[in-house]
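So the chains spell out like this:
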Amino acid sequence: MSDATLLVGEDEIAEAIRILYTDTHNMAEGAGAAPLAALMDARERFRGKRVALILTGGNIDMPVFRQVLSGQTPVA
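Definitions and limits used
Residues numbered from 1 in each chain as written. Predicted model: local features only at pLDDT ≥ 70, side-chain atom pairs only at ≥ 80, totals over all residues. Heavy atoms only, no water. Helix = DSSP H or I, 4+ residues; strand = E, 2+ residues; numbered from the N terminus. Rg over C-alpha atoms; globule rule 2.2 N^0.38 Å. Buried < 20%, exposed > 50% of the residue type's maximum accessible area, 1.4 Å probe, protein only. Contact = heavy atoms within 4.5 Å. Areas by Shrake-Rupley, 256 points an atom, 1.4 Å probe, with all protein chains shown as cover. Lys, Arg positive; Asp, Glu negative; His and termini not counted. Charge placed at Lys NZ, Arg CZ, Asp CG, Glu CD. Salt bridge = Lys/Arg side-chain N within 4 Å of Asp/Glu carboxyl O. Patch = residues over 30% accessible without salt bridge, like charges linked within 9 Å, V, L, I, M, F, W, Y side chains within 5 Å. Phe/Tyr/Trp six-rings, centres within 6.5 Å; stacked < 30°, edge-to-face > 60°.

1. Overview of the overall build of the protein chain
- When its secondary structure is counted, the protein chain shows four helices and zero strands.
- For the protein chain, the N- to C-terminal ordering of α and β elements is α-α-α-α.
- The C-alpha radius of gyration computed for the protein chain amounts to 13 Å, which stays within 12% of the reference 11 Å derived for 76 residues, consistent with globular compactness.
- Taken over the C-alpha atoms alone, the protein chain extends approximately 40 × 25 × 20 Å along its principal axes.
- By residue count, 24% of the 76 residues in the protein chain fall in the buried class.
- Counting only contacts in the protein chain whose residues sit at least 6 apart along the sequence, the fraction spanning at least 24 positions is 62%.
- As displayed, the protein chain has an accessible area near 5,500 Å², and 52% of this comes from carbon and sulfur atoms.
- Of note, the protein chain has its 7 positive side-chain charges centred 9 Å away from the centre of its 10 negative side-chain charges.

Encoded structure:
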């Protein structure tokens, strides 16, 4: 597989934060959730393949985390 960069938006990252929390009970800041957001966005490309994601970055402010969990995408 060639090297590639996958780009995701704020809405996709917020959704990944919600999924990580609800499915695994782990908190992630935007940078930590970006790999999951990218994988979800490119799911067809990776279907049937083994994929490993490293979850890092639990440094998310509580007010921002509350916004994300309520379904919002915080504006920076």
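Next comes the rest of the account.
2. Some details on unusual backbone geometry
- Positive phi outside glycine occurs at His25, with the angle close to 60°.
- By the element assignment, His25 lies in the loop between α1 (10–24) and α2 (30–41).

3. Remarks on the pattern of salt bridges
- The full count for this structure, using the stated rule, is two salt bridges.
- A salt bridge links Arg18 to Glu15, with the shortest nitrogen-to-oxygen separation between them at 3.1 Å. Of the two residues, Arg18 and Glu15 both sit in helix α1, three residues apart, roughly one turn of that helix.
- Notably, a salt bridge pairs Arg47 with Glu44, separated by 2.5 Å at the nearest N-O pair. Both residues of the pair, Arg47 and Glu44, count as exposed.

4. Focus: the environment of Leu7
- By the secondary structure assignment, Leu7 is in the segment before α1.
- Sequence-wise, Leu7 and Asp41 are 34 residues apart; in three dimensions their C-alpha atoms are separated by 8.9 Å.

5. Considering a nonpolar patch on the surface
- The grouping of Tyr21, Met27, Met62 and Leu69 at the surface amounts to a nonpolar patch, some 310 Å² of accessible area in total.
- Positionally, Tyr21 belongs in helix α1.

6. Quick notes on the packing of aromatic side chains
- Per the counting criterion, the structure on display carries one aromatic pair.
- Ring geometry for Tyr21 versus Phe65: centroids 5.2 Å apart, planes at 90°, classification edge-to-face. Taken together, the positions of Tyr21 in helix α1 and Phe65 in helix α4 (residues 62–69) put the pair 44 residues apart, joining distant regions of the chain.
- Judged by its relative accessible area of 4%, Phe65 is buried.

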